[in-house]
Amino acid sequence: MRKILLFFLLFTLIASAKAQTNLALPVVKSSIKGINVYGKPIDNQTRCQHWHSELDIIAIKFKCCDKYYPCYSCHEETADHEPQVWPKSEFDSKAILCGVCGTELSITDYQSSNNSCPNCKAAFNPGCSNHYHLYFETDKKKVE
């Protein structure tokens with residue numbers, strides 16, 4: 001009886017340690033309403049290893065590969081090709097994904113959204129506009 005009790009106790013401790021370990025594992029695949037987000041996501045609202053404030057909740061579909069990534073660095077570190085920016089003539093393309101509700105926005109709708117999702121009203125990071133030149137054709141490039 002004592003051996004059974006010790007076995008049960010040991011099993012419980014191992015299972016508990018394993019459960020706690022699983023909580024700390026990084027997200028290896030992120031999907032919002034069935035839309036995959038590639039790169040280095042850390043949660044299922046499109047935050048990544050590079051940008052993870054409460055406001056960093058959009059993913060951008062890259063023109064070059066038609067895949068959503070949380071940020072330019074995620075694309076740079078995990079894709080096997082050079083990025084391409086969206087030309088102004090295609091700003092009506094759905095290329096922005098709200099990580100909260102899964103709404104896809106056109107580039108025009110995103111840039112005129114006043115930094116919030118028109119569907120769920122979640123706040124977007126206004127600082128993202130400093131990086132538009134990495135994703136979208138702009139009149140001039142910003143210095144980082």
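What counts and what doesn't
- Residues numbered from 1 in each chain as written.
- Predicted model: local features only at pLDDT ≥ 70, side-chain atom pairs only at ≥ 80, totals over all residues.
- Heavy atoms only, no water.
- Helix = DSSP H or I, 4+ residues; strand = E, 2+ residues; numbered from the N terminus.
- Buried < 20%, exposed > 50% of the residue type's maximum accessible area, 1.4 Å probe, protein only.
- Contact = heavy atoms within 4.5 Å.
- Salt bridge = Lys/Arg side-chain N within 4 Å of Asp/Glu carboxyl O.

**Q** What is the right way to look at the overall build of the protein in this model?
**A** A count of helical and extended segments in the protein gives four helices and six strands. In the protein, the succession of helices and strands from N to C terminus is α-β-β-β-β-α-β-β-α-α. In the protein, buried positions account for 34% of the 144 residues. Taking all contacts inside the protein whose residues are at least 6 apart in sequence as the whole, residues at least 24 apart take part in 42%.

**Q** For this particular structure, what's the right way to read the pattern of salt bridges?
**A** Close approach of charged atoms lets side chains of opposite charge pair. Across all of its chains, the model carries five salt bridges by this definition. Note that Glu 77 is salt-bridged to Lys 40, the shortest N-O span being 2.7 Å. In this pair, Glu 77 is assigned in helix H2 (residues 72-78) and Lys 40 in the loop between strand E2 (35-37) and strand E3 (58-62), connecting sequence segments 37 residues apart. Taking the relative accessible area as the measure of exposure, Lys 40 reaches 25% and is therefore partly exposed. Linking Lys 61 and Asp 66 is a salt bridge whose minimum nitrogen-to-oxygen distance equals 3.8 Å.

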